[in-house]
Amino acid sequence: MQKPGFTDFERLSAIVQASDDAIISRDLNGTITSWNSSAEKIFGYTTKEANGKHISIIIPEEFIAEEERIVKKIKNNGGMKKYEAIRKRKDGSRIFTSHIITPIKDANRKVIGTSKIISDISDQKALYAAIVNASDDAICSKTLDGIITSWNFGAEKMFGYKKEAVIGKHINVIVPQSRIKEEISVRNKIKNGKRVDPFETIRLRKDGGEVNVSLTVSPIYNQSEKITGASIIAKDISKRKEIEEQHQLYTEKLEELNRYRDDFIAMASHELNTPLTVIKVNLQILEEIMQGDENVSFIFNSTRQVNKLTDLISHLLDVSKIQAGILRLNYESFDLKILLKEICRNIHSSNPSYKIRIERTTKPLIIHADKERIEHVISNLLLNAIKYSPDLKEIVVKPSIKNRHLQVSVTDNGIGIPKKDLEKIFERFYRVQGIPSTYSGSGIGLFICSEIIAGHGGEIWAESKLGVGSTLTFSIPVRKVY
Ligand code: ADP
């Protein structure tokens with residue numbers, strides 16, 4: 001609603017006068033045509049002094065040409081433009097200013113001058129400068145030819161050059177010979193307005209030492225939006241690089257130690273196997289010679305222990321292969337029913353007091369898997385069922401195919417497994433605590449089984465009730481083709 005007694009013009013003048021920003025206007029020749037009270041405060045000239053004078057009273061000489069270019073652009077293209085600039089006060093001191101410039105048109109829409117809102121941003125600039133100087137990062141700027149134009153305290157600390165010593169020098173003072181090409185290519189990118197992604201490189205300190213840095217390079221624009229240089233933020237990443245190198249060194253060392261361990265296990269297993277085979281053959285000969293002799297049981301016992309040693313060695317070899325990631329699976333298609341019968345027959349022949357019952361299935365059990373390894377898993381589950389079920393008479397093996405997965409479970413009525421150990425028993429060298437020492441073992445059997453099953457893309461798990469018995473089950477995809 002219009003207040004009585006004031007015209008639009010009067011009200012507008014009041015707003016202009018009350019503004020904290022300098023609001024001034026000029027004609028196309030540069031003569032100042034209006035000057036509000038904030039302009040008086042910011043530039044030190046009274047309205048009387050300023051009006052009718054040339055605008056260059058507040059523009060440092062080196063920026064006059066640029067200002068006229070902007071005015072010409074506004075005159076030809078119209079519109080509004082925002083930019084930052086350096087201006088001078090009546091006392092000659094300089095200030096940072098932010099400008100919004102718009103054209104003034106006459107009744108025929110012809111541009112006859114420009115009007116400007118100018119804010120004093122010296123405080124803001126001082127704050128930026130303080131932040132830049134307080135930064136631990138090196139922050140500097142250079143012209144498009146590579147001449148250093150600013151250099152903060154962080155840069156002094158990082159590169160060892162004082163500000164006074166490098167301003168006006170070429171940026172190559174901190175670029176090692178091997179990185180000069182890279183520096184030129186970055187500068188060319190900036191020149192051509194292309195984006196430069198942050199990158200890691202090496203720079204030189206005054207003492208000749210190298211610094212690993214991560215560089216962020218951005219263009220610097222002048223008032224006419226022309227790229228005149230580049231700002232550089234350099235972060236010292238030497239510490240990180242050092243840690244990375246240490247880490248790499250440790251990894252290599254660890255890999256080397258792993259290789260030694262695997263080589264050792266492979267060598268030791270081989271060296272142990274050879275004499276064991278000889279012992280086995282000799283025991284067989286002795287067994288034949290001593291048939292009917294009352295002491296033949298000593299031979300049987302020895303053979304059993306030798307077999308245990310052979311198994312342990314082959315398990316250790318498997319573990320080292322798993323650790324080295326070289327447990328390869330050889331896939332083939334086979335009928336699991338036939339394999340199951342074979343395994344059960346073999347195990348039954350060496351443990352005749354145990355009955356192994358295979359539950360019938362109507363469906364065929366043709367699967368695609370590593371036959372030898374699957375045989376190893378099933379045998380291991382059966383031998384564990386026997387080992388941990390001293391009073392057991394029957395073990396039940398239940399094969400089935402569900403959702404394109406083969407599932408085989410082995411159930412015993414043995415000592416059972418505590419609930420808290422049901423998952424842990426598949427870990428390397430894990431044995432349930434507190435079981436009598438008569439149950440000898442190494443804790444690697446189920447680890448190998450779970451690795452074999454995982455290699456087939458399957459799962460293995462245990463269900464159990466202490467004192468009642470356990471069921472160990474594995475499941476693998478039937479038709480998975482690798
Ligand atoms: P090992 O039998 O050589 O100790 P395994 O890896 O085959 O090693 O088994 C890990 C542990 O799981 C065993 O030490 C035992 O405590 C427990 N375990 C495995 N199978 C059975 C089972 N059928 N009944 C009871 N405990 C079992």
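Here the residue numbers are simple positions, counted from 1 along each chain's written sequence. Reporting of local features is limited, given that this is a predicted model, to residues whose pLDDT is at least 70; pairs of side-chain atoms are given and counted only at 80 or more, and all residues count toward the totals for whole chains, interfaces and linings. Excluding hydrogens and water, the side-chain values take into account all heavy atoms of the structure.

**Quick word on the overall build of the protein**
Argument step 1. Comment: elements are numbered from the N terminus, with helices defined as DSSP H or I runs of at least four residues and strands as E runs of at least two. A count of helices and strands for the protein gives 13 helices and 17 strands.
Argument step 2. Radius of gyration: over C-alpha atoms. The globule rule applied is 2.2 Å multiplied by the number of residues raised to the 0.38 power. Against the 2.2 N^0.38 benchmark of 23 Å for 482 residues, the protein shows a C-alpha radius of gyration of 44 Å, more extended than a compact globule.
Argument step 3. A principal-axis box enclosing the C-alpha atoms of the protein has dimensions of 135 × 65 × 40 Å.
Argument step 4. The buried label applies to any residue whose accessible area, calculated with a 1.4 Å probe on protein chains only, is under 20% of its type's maximum; exposed applies above 50%, and partly exposed to all values in between. When each of the 482 residues of the protein is scored for burial, the buried share is 37%.
Argument step 5. Here a residue-residue contact requires only that any non-hydrogen atoms of the pair lie within 4.5 Å. If you take every contact in the protein between residues at least 6 apart in sequence, the share linking residues at least 24 apart comes to 54%.
Argument step 6. Using a 1.4 Å probe, accessible areas were evaluated by the Shrake-Rupley method; residue-level cover was limited to the displayed protein chains. Within the structure as shown, the protein displays about 28,900 Å² of accessible surface, and the carbon and sulfur contribution to it stands at 55%.

**Section: helix H11 (residues 336-350)**
Argument step 1. To estimate the expected span of a helix, count its residues, drop one, and scale the result by 1.5 Å. The terminal C-alpha atoms of H11 lie 21 Å apart, and with 15 residues this matches the ideal 21 Å at 1.5 Å per residue to within 8%.
Argument step 2. Looking at H11, one finds that the buried residues are Leu336, Leu339, Leu340, Ile343, Cys344 and Ile347. Across the axial projection of H11, the buried residues extend over an arc of 130 degrees, all falling on one side. Pointing more than 90 degrees away from the buried face of H11 are the exposed residues Ile338, Lys341, Arg345 and Ser349.
Argument step 3. Tucked inside the fold, the buried residues of H11 contact strand E11 (332-335), strand E12 (355-358), strand E13 (366-369), helix H12 (371-387), strand E14 (394-402) and strand E15 (405-411). Arc, as used here, means the arc of the directions from the helix axis to the C-beta atoms.

**Focus: the site of the ligand**
Argument step 1. The immediate surroundings of the ligand are formed by 19 residues, with Asn384, Tyr388, Arg431, Ser442 and Leu446 found nearest.
Argument step 2. Pairing of N or O atoms within 3.5 Å defines a polar contact, subject to two protein rules: one partner must be a possible hydrogen donor and the other a possible acceptor, and residues neighboring in sequence count only if both atoms are side-chain atoms. One of the backbone nitrogen or oxygen atoms of Gly443 is found 3.2 Å away from an oxygen atom of the ligand.
Argument step 3. Notes on the ligand: free accessible area 530 Å², of which the protein chains cover 97%.
Argument step 4. Ranked by residue count, the leading element in the shell around the ligand is H12, at three residues.
Argument step 5. Residues belonging to the shell around the ligand are distributed by class as follows: nine nonpolar, seven polar and three charged. If a single non-hydrogen atom of a residue is within 4 Å of a molecule or strand, that residue counts as near it. Three classes are used: nonpolar for Ala, Val, Leu, Ile, Met, Phe, Trp, Tyr, Cys and Pro, charged for Asp, Glu, Lys and Arg, and polar for all others, with Gly counted as polar.

**Looking at the environment of Ile171**
Argument step 1. Assignment of secondary structure puts Ile171 in the loop between helix H7 (163-166) and helix H8 (180-191).
Argument step 2. Look past the residues within four positions of Ile171 in its chain and what remains in contact with it is Lys142, Gly146, Ile148, Glu183 and Ile232.

**Some points on unusual backbone geometry**
Argument step 1. Even without glycine at this site, Asn403 takes up a positive phi of about 45 degrees.
Argument step 2. Mapped onto the elements of the fold, Asn403 is located in the loop between E14 and E15.
Argument step 3. Among the residues examined, Asn403 registers a relative accessible area of 72% and is labelled exposed.
Argument step 4. In this structure, Arg404 takes a positive phi of about 60 degrees despite not being glycine.
Argument step 5. For Arg404, a relative accessible area of 60% translates into the label exposed.

**Remarks on the sheet that holds strand E1 (residues 22-27)**
Argument step 1. Spatial ordering of the open sheet is given by E2-E1-E5-E4-E3, a layout of five strands whose pairing is antiparallel. In this open sheet, the two edge strands, each paired with only one partner strand, are strand E2 (32-35) and strand E3 (81-88). Direction aside, the axes of adjacent strands within the sheet are offset by 30 degrees on average.
Argument step 2. Sheet analysis places E3 next to strand E4 (residues 94-105), joined by eight bridges and oriented antiparallel. Within E4, the residue paired with Arg87 across the bridge is Ile95. A pair of strands is labelled paired if DSSP reports no fewer than 2 bridges between them. Angular values range over 0 to 180 degrees, each being the angle between N-to-C directions of two axes fitted as lines to C-alpha atoms, with helices fitted over their stretch in contact.

**Focus: the packing of helix H9 (residues 238-289) against helix H10 (residues 296-323)**
Argument step 1. Their axes nearest at 9 Å, the elements H9 and H10 cross at an angle of 160 degrees. By the angle between their axes, H9 is roughly antiparallel relative to H10. Where H9 crosses over H10, the two elements pack in a sense that is left-handed.
Argument step 2. Looking at the contact of H9 with H10 residue by residue, the classes come out as 15 nonpolar, eight polar and four charged. Orientation categories follow fixed angle ranges, with anything under 35 degrees roughly parallel, anything over 145 roughly antiparallel, 65 to 115 roughly perpendicular, and all other angles oblique. Crossings are sorted by hand: turned counterclockwise from the far helix by less than a right angle, the near helix makes the crossing left-handed, and turned clockwise it makes it right-handed.

**Thoughts on the packing of H11 against H12**
Argument step 1. Closest axis-to-axis distance for the H11/H12 pair is 10 Å, and the angle between their directions is 45 degrees. Taken together, the axes of H11 and H12 lie oblique to each other. Between H11 and H12 the crossing geometry is right-handed. Across the interface between the two elements, Leu336, Leu339, Leu340, Ile343, Cys344 and Ile347 from H11 touch Lys371, Ile374, Glu375, Ile378, Ser379, Leu382, Leu383 and Ile386 from H12.

**A look at the confidence of the model for the protein**
Argument step 1. What pLDDT expresses is the predictor's confidence in each residue, scored from 0 to 100. When pLDDT is averaged along the protein, the result is 89, and 97% of the positions lie at 70 or above.
Argument step 2. When pLDDT is averaged over each element of the protein, strand E16 (residues 459-465) comes out on top at 97 and helix H1 (residues 8-18) at the bottom at 74.

**What to know about the nonpolar core**
Argument step 1. Counting 45 residues, the largest nonpolar core has Leu336, Ile374, Leu382, Leu406 and Phe474 as its most contacted members.
Argument step 2. Membership of the second largest hydrophobic core comes to 24 residues, among which are Cys140, Ala155, Val166 and Ile190. Only buried residues count toward a nonpolar core. Its members are Ala, Val, Leu, Ile, Met, Phe, Trp, Tyr and Cys residues joined through side-chain atoms within 4.5 Å.

**Concerning H9**
Argument step 1. Between the first and last C-alpha of H9 there are 76 Å, a value that for 52 residues agrees with the 76 Å anticipated at 1.5 Å per step.
Argument step 2. Taken together, the buried positions of H9 are Asp262, Ile265, Ala268, Ser269, Leu276 and Leu283.
Argument step 3. On its buried face, H9 is in contact with H10.

**A look at the environment of Lys163**
Argument step 1. Among the structural elements, Lys163 can be located in helix H7.
Argument step 2. Taking the C-alpha atoms as reference points, Lys163 and Arg304, 141 residues apart in sequence, are found 84 Å from one another.
Argument step 3. With residues near it in sequence (within four places) discarded, Lys163 still touches Trp151 and Glu156.

**Considering the sheet that holds strand E6 (residues 138-143)**
Argument step 1. Ordered in space as E7-E6-E10-E9-E8, the five strands form an open sheet in which the pairing is antiparallel. Looking at the sheet topology across the chains shown, the edges are occupied by strand E7 (148-151) and strand E8 (199-204). Strand-to-strand twist in this sheet, taken as the mean axis angle between neighbours without regard to direction, amounts to 35 degrees.
Argument step 2. By the bridge criterion, three bridges tie E6 to E7 in an arrangement that is antiparallel. When the bridges of E7 are listed, Cys140 appears paired with Trp151.

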